[in-house]
Amino acid sequence: MMPSRIGRMLRVYREYWRINILTTLEYRANFLVWFGFTFIYHGSALAALWIMLTRFPSMNGWDFRQMAFLYALWMVAHALHNTFFSSVGDVPDHIRDGEFDRLLVRPLDTLFQTIATPGQVFPDELILALVTFVAACIYSGVHVDPVFVVFVPLIAIGGALIDLALNLAISTTAVWFVRVDALRWIVVQLEQEFTRYPLGIYSRAVRILLTFICPFAFINYYPATYFLGKTDGALGLPPIVGLLTPAIGIVFVALAYVFWRFGLDRYQSVGH
Amino acid sequence: MTGAVPRRRFRLAPYIALASRAMAREATYRFDVFGSVASVLVRLYLLKMVWTALYAHNVSPSELPLHAIITYSAVALLMGLVMDIDQTRALHDRLHDGSIVTDFLKPISVPLGFFADGTGEVLFHAALIVPSLILALLFVHIDVPSAATVVVFALSFILGYLVGFWINFILNCSAFWTLEVSGVQLIVTWLTDLLGGEIIPLVIFPVVLQKIVFVLPFAAMFSTPLLIYVGVIPPAGWPAALGVQLAWALGLGGLATLLWRAGARRIVVQGG
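## Observations concerning the overall build of chain B
- Secondary structure assignment for chain B yields 13 helices and zero strands.
- Order of helices (α) and strands (β) in chain B, N terminus to C terminus: α-α-α-α-α-α-α-α-α-α-α-α-α.
- Considering chain B as a whole, with its 272 residues, one finds that 51% of them fall into the buried category.
- For chain B, the accessible area works out to roughly 12,500 Å², and carbon and sulfur atoms hold 72% of it.

Shown next, in the form of structure tokens:
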């Protein structure tokens, strides 16, 4: 790719964030309600864990402090994805209403345009996630060493890429199946709810699913196992695999991108 | 406004027509059988694994052994197919686009019209309970209590449905004043899931929290029928439990009526 083209994309992307922030400032009441929603969503998830682990102090050897760290690690990756890539999930809607065809005829990469289509995004969830993560690190007493400092940001990015890869793959299936809500819904459950608990509580098939097919366990479970010095490696994998998250993120995004290009080549407009 | 309208003789036929029209509407669109059933099964699997892990490593509560809590979760999820629907969403939508004014011209009670419409929608979704239950029985065992308990459970479920209906109605009534409640609605859904005992039985909450959650109306929606079903509320406690539910249904119904009258008097339609 030529440098001028990258420069153009960067300019477009900067403009995207400028519009996003201006739009959010315009709809302040809406923003507050959605921030309240984000806050209560994560707050009630953590509260539910706290209630369970107050009554039953251990889940497969994990206590509430460790589960709070597990949740916070997921939260950072998830918020990164929601802040920067969530518009990828809108592709099926755009295909259905014909809006997608407009992106195809413009002189910039279609996926880039999808990601850089202004919506109403604000980094509020990301800020909340970072605050929660710092609090969870202190609360869980996780050992913070140079490996932790170097790898946690990479793992968060890798986790966001894993999210993006699955989001993109599902959106791509909309090329063939106009309605993909049910499939997306199941994957969202796997990503948002199954990642709250240690992988070891699931049956073997689900552990394999969450490790190799929808590798959400690499967003938080494997890295948390490594950093907290847990020994319950669910599939007998050594704890060090927890540091592979960035690589897995890149590989899965690459695979999803290949699938996306394959889908685009076969795209037929729904016709409007 | 309502005060000026002369009282008409009550006729049931229009409401039955509204309910059956709502069922037909649900059948043609907005309805995703696969997604709804899959959602119940995925969540049931998750809860089964979570409770099994928690019970395996800790002292289990005597009033709620593992098979009872799995039964509780399964029945809660099946109830959720009906309870988690915002039946009065139409009220908010019609206030939003202004079409509510035509409802006032119809020779029916408008709140009862919404109730009929919502009930039609809910009855259609209730049909999903059967396939979900059959599939759920493939991987969990659901305890079946005595016939008397089942009858009282059904009665309590209906009262819980009324409480839920009025809570939704009150929230959607707030659109008379704010015109934007979608975020608030989501917040309340998450709170109901947790505070109503849909996910975690309220009896295993920490004692301090129990004192709060049992006096909130959310407990009347899920917790009461479920605790009757699993036998935590014994026959001697049935009259009191149903009495509290009835009080909530009447109290919230009264509040909703007041809000409706106040709102209808100051109705403002945006744009044209």
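## Notes on the overall build of chain A
- Secondary structure summary: chain A contains 12 helices and zero strands in total.
- Helices and strands in chain A line up, N terminus first, as α-α-α-α-α-α-α-α-α-α-α-α.
- The C-alpha radius of gyration of chain A comes to 20 Å, within 12% of the 19 Å expected for a compact globule of 272 residues.
- Referenced to the eigenvectors of the C-alpha coordinate spread, the extents of chain A come out at roughly 55 × 40 × 40 Å.
- Summed over all atoms, the accessible surface of chain A reaches about 12,600 Å², with 68% contributed by carbon and sulfur.

## Section: empty space enclosed by the protein
- Taken as a whole, this structure holds two cavities of 30 Å³ or more when the rule is applied.
- Taken as a whole, the largest cavity spans an internal volume of roughly 260 Å³.
- Around the largest cavity, the lining is made up of 17 residues, and of these A:Glu193, A:Arg196, A:Tyr197, B:Arg43 and B:Ile199 lie nearest the centre.
- Sorting the residues of the lining of the largest cavity by element identifies helix 2 (28–55) of chain A together with helix 2 (33–57) and helix 9 (182–195) of chain B as the ones contributing at least two each.

## What to know about the interface of chain A and chain B
- The interface of chain A with chain B comprises 33 residues on the first partner and 32 residues on the second.
- Buried area between chain A and chain B, both sides added, is near 3,000 Å², and the carbon and sulfur share of it is 80%.
- Along the contact surface separating chain A from chain B lie zero salt bridges.
- Across the contact surface, chain A and chain B share two residue pairs in polar contact (both at pLDDT 80 or more).
- Going through the elements one at a time, helix 2 and helix 9 (181–192) of chain A are the ones with two or more residues in the side of chain A that touches chain B.
- At 16 residues, the largest contribution of residues to the side of chain A that touches chain B is made by helix 2 of chain A.
- For the side of chain A that touches chain B, the residue count by class is 22 nonpolar, eight polar and three charged.

## Topic: the packing of aromatic side chains
- For the structure shown, the criterion picks out 33 aromatic pairs over all chains.
- Judged by centre distance (4.9 Å) and plane angle (70 degrees), the rings of A:Phe148 and A:Phe227 are edge-to-face. Here A:Phe227 lies in helix 11 (residues 221–227) and A:Phe148 lies in helix 8 (residues 146–173), a separation of 79 residues in the sequence. Comparing A:Phe148 with A:Phe227 shows no difference in burial state: the two are buried.
- A connected cluster of aromatic rings, assembled from ring pairs, spans B:Phe115, B:Tyr161, B:Phe165, B:Trp166, B:Phe169 and B:Trp260.
- Directly above the aromatic system of A:Tyr139 lies the positively charged group of A:Arg65, at a separation of 4.4 Å from the ring centroid.

## Notes on a positive patch on the surface
- On the surface, A:Arg5, A:Arg8, A:Arg11 and A:Arg14 cluster together to form a positively charged patch.
- Mapped onto the secondary structure, A:Arg14 falls in helix 1 (residues 3–26).

## Here's the deal with the nonpolar core
- Counting residues in each nonpolar core, the largest one holds 166 residues, and the members touching the most others are A:Phe69, A:Tyr197, A:Tyr202 and B:Trp51.
- Residues within four places of A:Phe69 in sequence aside, it is in contact with A:Phe133, A:Ala136, A:Cys137, A:Ser140, A:Val142, A:Phe148, A:Ala224, A:Phe227 and A:Leu228.
- Judged by nonpolar contacts, the second largest core, of seven residues, contains A:Tyr16, A:Phe112, A:Ala116 and A:Val121.

## With respect to the side chain of A:His42
- The topology assignment puts A:His42 in helix 2.
- Only 2.8 Å separates the side chain of A:His42 from the side chain of A:Glu125, close enough to count as a polar contact.

## Concerning unusual backbone geometry
- Backbone geometry places A:Asn60, a non-glycine residue, at a positive phi of 50 degrees.
- With respect to the helices, strands and loops of the structure, A:Asn60 is situated in the loop between helix 2 and helix 3 (64–84).

## Some details on a nonpolar patch on the surface
- A cluster of nonpolar side chains, B:Phe10, B:Leu12, B:Ile16 and B:Leu112, forms an exposed patch at the surface whose accessible area comes to about 400 Å².
- Mapping B:Leu112 onto the fold places it in helix 6 (residues 110–126).

## Brief notes about the environment of B:Ile100
- Structurally, the position occupied by B:Ile100 is in helix 5 (residues 100–105).
- Considered as a pair, B:Ile100 and B:Ala90 are 10 residues apart in the sequence and their alpha carbons are 9.4 Å apart.

## Some points on the environment of A:Phe194
- With respect to the element layout, A:Phe194 can be found in the loop between helix 9 and helix 10 (204–213).
- A:Phe194 sits 67 residues away from A:Arg261 along the chain, and the two C-alpha atoms are 30 Å apart.
- The residues contacting A:Phe194, other than those within four sequence positions of it, are A:Gln189, A:Tyr202, A:Val206, A:Leu210, B:Val42, B:Tyr45 and B:Leu46.

## Description of the pattern of salt bridges
Residue and element names in this part refer to chain A.
- In total, this model carries three salt bridges over all chains according to the counting rule given.
- Taking the shortest distance from any N to any O, the salt bridge between Glu99 and Arg102 comes out at 3.1 Å.
- What makes Glu99 partly exposed here is its relative accessible area of 33%.
- Linking Asp109 and Arg261 is a salt bridge whose minimum nitrogen-to-oxygen distance equals 3.7 Å. Remark: Arg261 occurs in helix 12 (residues 245–265) and Asp109 occurs in the loop between helix 5 (100–104) and helix 6 (110–115); sequence separation between them is 152 residues.

## Details of the side chain of A:Ser44
- Among the structural elements, A:Ser44 can be located in helix 2.
- You can call A:Ser44 buried: its relative accessible area is 11%.
- At 3.3 Å, the side chain of A:Ser44 and the backbone oxygen of A:Tyr41 are in polar contact.
- The residues contacting A:Ser44, other than those within four sequence positions of it, are B:Trp190 and B:Leu194.

## Topic: helix 7 (residues 124–140) of chain A
All names here are of chain A.
- With 17 residues, helix 7 ought to run about 24 Å at 1.5 Å a step, and its terminal C-alpha atoms sit 24 Å apart, in line with that.
- All of the buried residues in helix 7 are Asp124, Glu125, Leu126, Leu128, Ala129, Thr132, Phe133, Ala136, Cys137 and Ser140.
- Where helix 7 is buried, its residues touch helix 2, helix 3 and helix 8.

Thresholds applied
Residues numbered from 1 in each chain as written. Chains lettered and ligands numbered in written order. Predicted model: local features only at pLDDT ≥ 70, side-chain atom pairs only at ≥ 80, totals over all residues. Heavy atoms only, no water. Helix = DSSP H or I, 4+ residues; strand = E, 2+ residues; numbered from the N terminus. Buried < 20%, exposed > 50% of the residue type's maximum accessible area, 1.4 Å probe, protein only. Areas by Shrake-Rupley, 256 points an atom, 1.4 Å probe, with all protein chains shown as cover. Rg over C-alpha atoms; globule rule 2.2 N^0.38 Å. 1 Å grid on protein atoms, 1.4 Å probe; cavity = no way out; pocket = protein on both sides within 12 Å on 5 of 7 lines; lining within 4 Å. Points joined across faces, edges and corners; volume = space filled by probe spheres on them. Contact = heavy atoms within 4.5 Å. Buried area = accessible area lost by both parts, 1.4 Å probe. Salt bridge = Lys/Arg side-chain N within 4 Å of Asp/Glu carboxyl O. Polar contact = N/O pair within 3.5 Å; in protein donor to acceptor, adjacent residues only side chain to side chain. Nonpolar A, V, L, I, M, F, W, Y, C, P; charged D, E, K, R; others polar. Phe/Tyr/Trp six-rings, centres within 6.5 Å; stacked < 30°, edge-to-face > 60°. Lys NZ or Arg CZ within 6 Å of the ring centre and 35° of its normal. Patch = residues over 30% accessible without salt bridge, like charges linked within 9 Å, V, L, I, M, F, W, Y side chains within 5 Å. Lys, Arg positive; Asp, Glu negative; His and termini not counted. Charge placed at Lys NZ, Arg CZ, Asp CG, Glu CD. Core = buried A, V, L, I, M, F, W, Y, C linked by side-chain atoms within 4.5 Å. Expected span 1.5 Å × (residues − 1).

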